[in-house]
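# Results of the structural survey
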Amino acid sequence: MTKQINCGGVLIGGGAPVSIQSMTNVDTRDTDALVRQIDELTEAGCEIIRVAVPDMEAAESLGRAKKLVRIPVVADIHFDHKLAIAAIENGADKIRINPGNIGSIEKVKAVVDKAKERNIPIRVGVNSGSLSKEMLSKHGSVTAAALAESGASTLKVIEDLDYDNLVVSIKSSNVKMNYDAHMILKELTDHPVHIGITESGTPRNGIIKSVAGIGSLLLAGVGDTMRVSLTDDPVNEVIWARRILETVGMRQKAIEVVSCPTCGRTEIDLIELANEAEDRLESIAAKRKAEGKRPLKIAVMGCAVNGPGESREADYGIAGGRGEGLVFVAGEILKKVKEDELIDELIRLVEND
Ligand code: SF4
């Protein structure tokens, strides 16, 4: 198990639930816009927010925003150690730096001393695009071993400055390399790990890469906090992060819908029915979650041959026939209704649950 750290009240590592992160993309210097976006991401389920701090004005804006938002704020710093120090003085709950681009060890030490003073965590690490020249020449190219070794060596830079309130990240845009690198890294350190697939792209490719890359690591027991990085609205990063956690069983889904793939026995428009069921159940799911109601499993099946059997595990279900269908409760037939009444019947049962 990894060590546990505290990022502004959110525990990371040591068995704490895997937390969801995202990053703002408004101009950090525009405090109103920053607060608005952080609030929007918080509503979507973001638990830790990272903010780029490219100049002093941004560091000050982060300080103002920090007082107005409900989740921990992480300052993302590159190149200038004075910005890291200013961000910490302005109340950042954690900073993310790459010691390799901060410059001399004296500058890195100045940042570490300031973090020590406030006891805030530092996230260090590398992406496949930011490996040092030394590491590249040692390994010949970007490899899983080079990434893992870089992560461990950036940790050591800070550990040697007598600070271990650390999180590490080593992200690649290559899913297989990302996985292999983390398998090596977990043997090298017990610091908590921030996982994700870097530069995964637009949703078209980025979602599938993130699901495979992050999901596989979580199932292998690796990852203490995560970000789905998409070329998209950050709210979607948060939504997909939550869905990944639900899919691997690390978060409870309020309503899970299972539906069959259709086949030659399907005599109703199951594709439309299943989509309509998912759409209508989405808002009911949000309400049930807010009310703390039990999680539900709903089955939308194409036929009565396999439908009841396949939906036995479900709380409620429907199975299609020719122009009509069956409604099930816990695998038992409740009634037979016309095809165009199936979804209404299902929704009524769920709403009354
Ligand atoms: Fe085919 Fe029926 Fe199975 Fe759906 S539930 S895949 S329609 S056999």
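Residues numbered from 1 in each chain as written. Predicted model: local features only at pLDDT ≥ 70, side-chain atom pairs only at ≥ 80, totals over all residues. Heavy atoms only, no water.

## Let's talk about the overall build of the protein
Each helix and strand in the protein was counted, giving 13 helices and 15 strands. Taking the principal axes of the C-alpha coordinates as reference, the protein spans close to 75 × 45 × 30 Å. The buried share among the 353 residues of the protein stands at 50%. Long-range pairs, those at least 24 residues apart, make up 63% of the contacts in the protein between residues at least 6 apart in sequence. Surface accessibility of the protein: about 16,100 Å² in total, with carbon and sulfur atoms responsible for 50%. Side-chain charges of the protein comprise 44 positive and 53 negative groups, with the mean position of each set lying 2 Å from the other. (Helix = DSSP H or I, 4+ residues; strand = E, 2+ residues; numbered from the N terminus. Buried < 20%, exposed > 50% of the residue type's maximum accessible area, 1.4 Å probe, protein only. Contact = heavy atoms within 4.5 Å. Areas by Shrake-Rupley, 256 points an atom, 1.4 Å probe, with all protein chains shown as cover. Lys, Arg positive; Asp, Glu negative; His and termini not counted. Charge placed at Lys NZ, Arg CZ, Asp CG, Glu CD.)

## Focus on the nonpolar core
One finds Ile95, Ile97, Ile122 and Met226 to be the most contacted residues of the largest nonpolar core, which totals 69 residues. In this view, Ile95 contacts Val74, Ala75, Ala84, Ile88, Val111, Ile120, Pro121, Ile122 and Arg123; residues no more than four positions away in its chain are not counted. Grouped together as the second largest cluster of nonpolar side chains are 31 residues, Ile255, Leu273, Ala314 and Ile318 included. (Core = buried A, V, L, I, M, F, W, Y, C linked by side-chain atoms within 4.5 Å.)

## Overview of the packing of aromatic side chains
Applying the stated rule across the entire model yields 0 aromatic pairs. Seen from the ring of Trp240, Arg243 lies directly overhead, with NZ or CZ sitting 4.8 Å from the centre. (Phe/Tyr/Trp six-rings, centres within 6.5 Å; stacked < 30°, edge-to-face > 60°. Lys NZ or Arg CZ within 6 Å of the ring centre and 35° of its normal.)

## Comments concerning helix α7 (residues 144-159)
Between the first and last C-alpha of α7 there are 23 Å, a value that for 16 residues agrees with the 22 Å anticipated at 1.5 Å per step. Considered for burial, the residues of α7 that qualify are Ala144, Ala146, Leu147, Ala148, Ser150, Gly151, Thr154, Leu155 and Ile158. Looking at the buried side of α7, the elements it contacts are α4 (99-102), α5 (105-118), β7 (122-127), α6 (133-139), β8 (166-171) and α8 (175-188). (Expected span 1.5 Å × (residues − 1).)

## Considering the domain arrangement of the protein
On domain assignment, one finds that the protein holds domain 1 (5-247) and domain 2 (255-351). A straight line from the C-alpha centre of domain 1 to that of domain 2 covers 41 Å. (Domains from an automatic or database assignment.)

## Quick look at the sheet that holds strand β3 (residues 19-23)
Strands sit in the order β8-β7-β6-β5-β4-β3-β10-β9 across an open sheet of 8 strands; the sheet is parallel. Two strands lie at the open edges of the sheet, namely β8 and β9 (194-195), each paired on one side alone. Bridge analysis of strand β6 (residues 94-96) against β7 gives 2 bridges, and the strand direction is parallel. From the neighbouring strand, Ile95 faces β7, where its bridge partner is Ile122. Contacts between helix α10 (residues 234-247) and the sheet are confined to β3 and β10 (225-227), with β3 contributing the most and set at about 160° to the helix. (Pairing = 2+ DSSP bridges. Axes fitted to C-alpha atoms, helices over the stretch in contact; angles between N-to-C directions.)

## Structural notes on the environment of Ser141
Looking at where Ser141 falls in the secondary structure, it is placed in the loop between α6 and α7. Between the C-alpha atoms of Ser141 and Leu131, which are 10 residues apart in sequence, the distance is 9.4 Å. When residues no more than four places from it in sequence are discounted, the contact partners of Ser141 are Leu136 and Ala146.

## Re the pairing of strand β14 (residues 324-329)
The sheet contact formed by strand β13 (residues 316-320) and β14 spans 5 bridges and is antiparallel. Within the sheet, the bridge partner assigned to Ala319 lies in β14 and is Leu326. Note: β14 against strand β15 (residues 332-338), 6 bridges, orientation antiparallel. By the bridge assignment, Leu326 is partnered in β15 with Lys336. Counted along the chain from β14 to the antiparallel partner β15, the turn is 2 residues long, and its residue Ala330 has a positive phi close to 50°.

## Some words on the sheet that holds β13
Spatially, the 5 strands line up as an open sheet ordered β11-β12-β13-β14-β15, and their pairing is mixed. With one partner strand each, in any of the chains shown, β11 (255-259) and β15 form the two edges of the open sheet. Within the sheet, the average angular offset between the axes of one strand and its neighbour, ignoring direction, is 20°. Contacts between helix α11 (residues 270-291) and the sheet are confined to β11 and β12 (296-301), with β11 contributing the most and set at about 170° to the helix.

## Comments concerning the side chain of Arg123
When you line up the elements, Arg123 lands in strand β7. The buried charged residue Arg123 lacks any salt bridge, with Asp76 as its nearest oppositely charged partner at 5.6 Å. Here the side chain of Arg123 touches Ser169 through a polar contact of 3.0 Å, side chain to side chain. Ignoring anything within four residues of it in the chain, the contact list for Arg123 reads Arg50, Lys94, Ile95, Arg96, Ile97, Val167, Ser169, Lys171 and His194. (Salt bridge = Lys/Arg side-chain N within 4 Å of Asp/Glu carboxyl O. Polar contact = N/O pair within 3.5 Å; in protein donor to acceptor, adjacent residues only side chain to side chain.)

## With respect to unusual backbone geometry
Residues apart from glycine generally show negative phi values, whereas peptide bonds are mostly found in trans. Within the chain, Asn119 stands out as a residue other than glycine whose phi angle is a positive 55°. Within the fold, Asn119 resides in the loop between α5 and β7.

## Examining the packing of α7 against α8
Across the interface, α7 lies against α8 with an axial gap of 8 Å and an inter-helix angle of 40°. In terms of their interaxial angle, α7 and α8 are classed as oblique. The element α7 and its partner α8 pack so that their crossing is right-handed. Contacts between α7 and α8 involve Ala144, Ala145, Leu147, Ala148, Gly151 and Ala152 on the former and, on the latter, Met177, Asp180, Ala181, Ile184, Leu185 and Leu188. Per-class residue counts for the contact of α7 with α8 are 10 nonpolar, 1 polar and 1 charged. (Parallel < 35°, antiparallel > 145°, perpendicular 65-115°, else oblique. Left-handed = near helix turned anticlockwise from the far one by under 90°. Nonpolar A, V, L, I, M, F, W, Y, C, P; charged D, E, K, R; others polar.)

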